[in-house]
Amino acid sequence: MSKARTIEQAYKLAREQYAALGVDTEQALKTLRRVPVSLHCWQGDDVGGFEKFGTELGGGLAATGNYPGKARTPAELRADAEKAFSLIPGRHRFSLHAFYGEFGGKLVDRNEIGPEHFKGWIDWAKRLGLGLDFNPTFFSHAKAADNFTLSNADKGIRKFWIEHGIACRQIGAAMGKALGKTCVTNVWIPDGMKDTPVDRVGPRDRLTDSLDTMFKVPVNPKHNLDSVEGKLFGIGCESYTVGSHEYYLGYAISRKTLFTLDTGHYHPTETITDKLSSVFQFLPEILLHVSRGVRWDSDHVVVLSNELEEIGQELVRGHFLGRTHIGLDYFDASINRVAAWVIGTRNMLKALLKAMVEPTPTLRQAEAAGDYTTRLALLEEARTLPLGAVWDYYCQQQGVPVGAAWLAEVKAYERGVLATRK
Ligand code: RNT
Ligand code: ZN
């Protein structure tokens, strides 16, 4: 039997097995096809960016590893991302940070950037049919050296970063308009302190003021949506983070922005699974930064963990997919960076698919009847249903490599392209 036939046969059997549990795998695949995942540009070059005066990675972020072949120019980064997209089923998005603009070798400071610096990216996205998302870059800059940006005590520095934020929202809108796909612009700032502060209030007062000034400038929500991302701590900001979870949840609800949940931004035993249905009570839409913390907010490549499966379950069971913008956020410099994108994105999609082929109605019935024995028994049985056969079929149907076959393509790309970057 040909390989393609085997995959079809395996899928046919799996489909029957799922159908016996009341699950329609065809419907699941139809739904999955419509869910975009936003790949983050910063996995491609260890959060480096393309500024002329590029400083070291700051803001308490750290990309560890020195795997050869990282992208050094926008053209290289686009080629790498394009390779990754060709190995991932479905149509997706690309998330850019402001310091990945194309500045033509000129010194363009953060408060001076405009849509013209992202023309190359917009043209590229158009050609590939991708949507773009955006992020102001409030780190790796002299004016962020003390880890205070929008909440800085210095009025001039605050003004500089407010201008940057406004410029970015306008760039986001230009991207959304040009592509006909709403851009989500995510605001994350590194502001905080290494040691215990005396004044926890002042920086938060200033942050609220800065954000309000930044968001006051009207931007068409059809083209750009604003989101805010909190955090627990960063390297060098272990004791105090101005934009904490509570801070931004309150901000998002009161100001009607989106709210970003990053899976790496909570205490090590705390996951975002249970936060989703709570946050959705009060917010129409959210942004996810799917990451993987190992002992700390280490931004490891996303694997198909229990946590990832649970996130997929919550989004699918709660019918939240239409209200969730799924983005990835990790940066591993110790492995092939194209592979890092492919592994993480394919895992995100697998987690969603797994949730989509869950026999949810049966599970709900058991739960409603107070039959928790059945609920647990069936949940555990569902873990080993033939998801792989459905996933393989989906990849084949979408014209991307099945199983680990994508790896050979990445290895060939490494030999032919990445290895020449000395
Ligand atoms: C940092 C935040 C933020 C960044 C990116 C690069 O802890 O998660 O989202 O990772 O903006
Ligand atoms: Zn994040």
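Going by the structure above, here's the rest.
Quick caveat, the model's predicted, so the values are computed rather than measured.

Visitor: Could you give an account of the pairing of strand β4 (residues 183-187), with specific residues and numbers?
Guide: Look at any regular strand and the pattern is simple: side chains alternate between the two faces of the sheet. Counting buried positions along β4 gives 5 out of 5 residues, so the element sits mostly inside the fold. A two-sided burial pattern is seen for β4, the buried positions comprising C183, T185 and V187 on one face and V184 and N186 on the other. The pairing of β4 with strand β6 (residues 224-229) spans 5 bridges and is classified as parallel. Its bridge partner lying in β6, V184 is registered against L225.

Visitor: Please set out the coordination of the zinc ion (ligand 2) residue by residue, giving values where relevant.
Guide: Distances from the zinc ion (ligand 2) to its protein donors, E229 (OE), D262 (OD), H289 (ND1) and D329 (OD), fall within 2.1 to 2.2 Å. Each of the 6 donor atoms bound to the zinc ion (ligand 2) contributes to angles spanning 71 to 170°, and the resulting shape is octahedral. All donor residues of the zinc ion (ligand 2) come from one chain, and their arrangement in sequence is E-x32-D-x26-H-x39-D. Residue D262 is located in strand β8 (residues 258-262), and its partner D329 is located in the loop between β10 (324-328) and α10 (337-356); the two are separated by 67 residues in the primary sequence. As far as the burial class goes, D262 and D329 line up, both buried.

Visitor: Tell me about the environment of A84, and name the residues and values.
Guide: Mapped onto the fold, A84 is located in helix α3 (residues 74-85). Looking at A84, the relative accessible area reads 0%, which means it is buried. Beyond its immediate stretch of four places on either side in the chain, A84 contacts L39, V338, W341 and V342.

Visitor: Quick one: what's the story with the environment of V410, residue by residue and with numbers?
Guide: Within the secondary structure, V410 sits in helix α14 (residues 405-416). The spacing of V410 and V342 is 68 residues in sequence and 9.3 Å in space, taken between C-alpha atoms. Those residues in contact with V410 that lie beyond four places of it in its chain are L87, N336, V338 and A339.

Visitor: Help me get a handle on the site of ligand 1, residues and values and all.
Guide: If you check the shell around ligand 1, you find W42, L61, H97, W188, E229, K231, D262, H265, H289, D297, D329 and F331 and nothing else. Between ligand 1 and D262, the relevant distance is 2.9 Å, taken from an oxygen atom to a side-chain nitrogen or oxygen of the residue. Between H289 and ligand 1, the recorded distance is 3.1 Å, taken from a side-chain N or O atom to an oxygen atom. Taken by itself ligand 1 offers 310 Å² of open surface, and the protein chains cover 99% of this. The residue makeup of the shell around ligand 1, split by class, is 4 nonpolar, 3 polar and 5 charged.

Visitor: Before we move on, can you summarise the side chain of E76 with the specific residues and values?
Guide: Residue placement: E76 occurs in helix α3. Note on E76: relative accessible area 15%, which makes it buried. Filtering out sequence-adjacent residues up to four positions away, E76 remains in contact with K70, A71 and R421.

Visitor: Give me the environment of G312: which residues, what numbers.
Guide: The topology assignment puts G312 in helix α9 (residues 306-317). With a relative accessible area of 0%, G312 lands in the buried category. Taking the C-alpha atoms as reference points, G312 and A412, separated by 100 residues in sequence, lie 32 Å from one another. When sequence neighbours within four positions are dropped, the list of residues in contact with G312 reads A351, L352 and A355.

Visitor: Explain helix α5 (residues 155-179) residue by residue, including any values.
Guide: The first and last C-alpha atoms of α5 sit 36 Å apart over 25 residues, in line with the 36 Å expected at 1.5 Å per residue. Among the residues trailing α5, G180 stands out with phi positive, at a value near 65°.

Visitor: Outline the packing of helix α2 (residues 25-33) against α10, listing residues and values.
Guide: Contact pair α2 / α10: the axes reach a minimum separation of 9 Å and the direction vectors enclose 145°. When you trace α2 past α10, the crossing you get is right-handed. Every residue of α10 that contacts α2 at A28, L29, T31 and L32 is listed here: L349, L352, L353 and M356. Grouping the amino acids of the contact of α2 with α10 by side-chain chemistry returns 7 nonpolar, 1 polar and no charged.

Visitor: Break down the pairing of strand β1 (residues 37-40) for me, citing the residues and quoting the values.
Guide: The alternating pattern of β1 places V37 and L39 and S38 and H40 on opposite faces, both of which are buried. The sheet contact formed by β1 and β10 spans 2 bridges and is parallel. Considered in β10, the bridge of S38 is made with G327. Looking at chain direction, β1 and strand β2 (residues 93-97) are connected through 3 bridges and run parallel. Bridged to L39 within β2 is F94. Read from β1 through α3 to β2, the crossover connection turns out right-handed.

Visitor: Give me the lowdown on unusual backbone geometry, citing residues and values where you can.
Guide: Located in the positive-phi region is N147, a residue other than glycine, with phi close to 60°. Among the secondary structure elements, N147 is positioned in the loop between β3 (131-135) and α5. Exposure remark for N147: the relative accessible area of 14% places this residue in the buried category.

Cut-offs and rules
Residues numbered from 1 in each chain as written. Chains lettered and ligands numbered in written order. Predicted model: local features only at pLDDT ≥ 70, side-chain atom pairs only at ≥ 80, totals over all residues. Heavy atoms only, no water. Buried < 20%, exposed > 50% of the residue type's maximum accessible area, 1.4 Å probe, protein only. Helix = DSSP H or I, 4+ residues; strand = E, 2+ residues; numbered from the N terminus. Pairing = 2+ DSSP bridges. Donors = N, O, S within 2.8 Å, 3.2 Å for Na, K, Ca; no water. Tetrahedral: all angles 85-135°; square planar, octahedral: opposite > 155°, others 65-115°. Contact = heavy atoms within 4.5 Å. Near = heavy atom within 4 Å. Polar contact = N/O pair within 3.5 Å; in protein donor to acceptor, adjacent residues only side chain to side chain. Areas by Shrake-Rupley, 256 points an atom, 1.4 Å probe, with all protein chains shown as cover. Nonpolar A, V, L, I, M, F, W, Y, C, P; charged D, E, K, R; others polar. Expected span 1.5 Å × (residues − 1). Axes fitted to C-alpha atoms, helices over the stretch in contact; angles between N-to-C directions. Left-handed = near helix turned anticlockwise from the far one by under 90°. Right-handed = clockwise from strand over helix to strand, strands pointing away.

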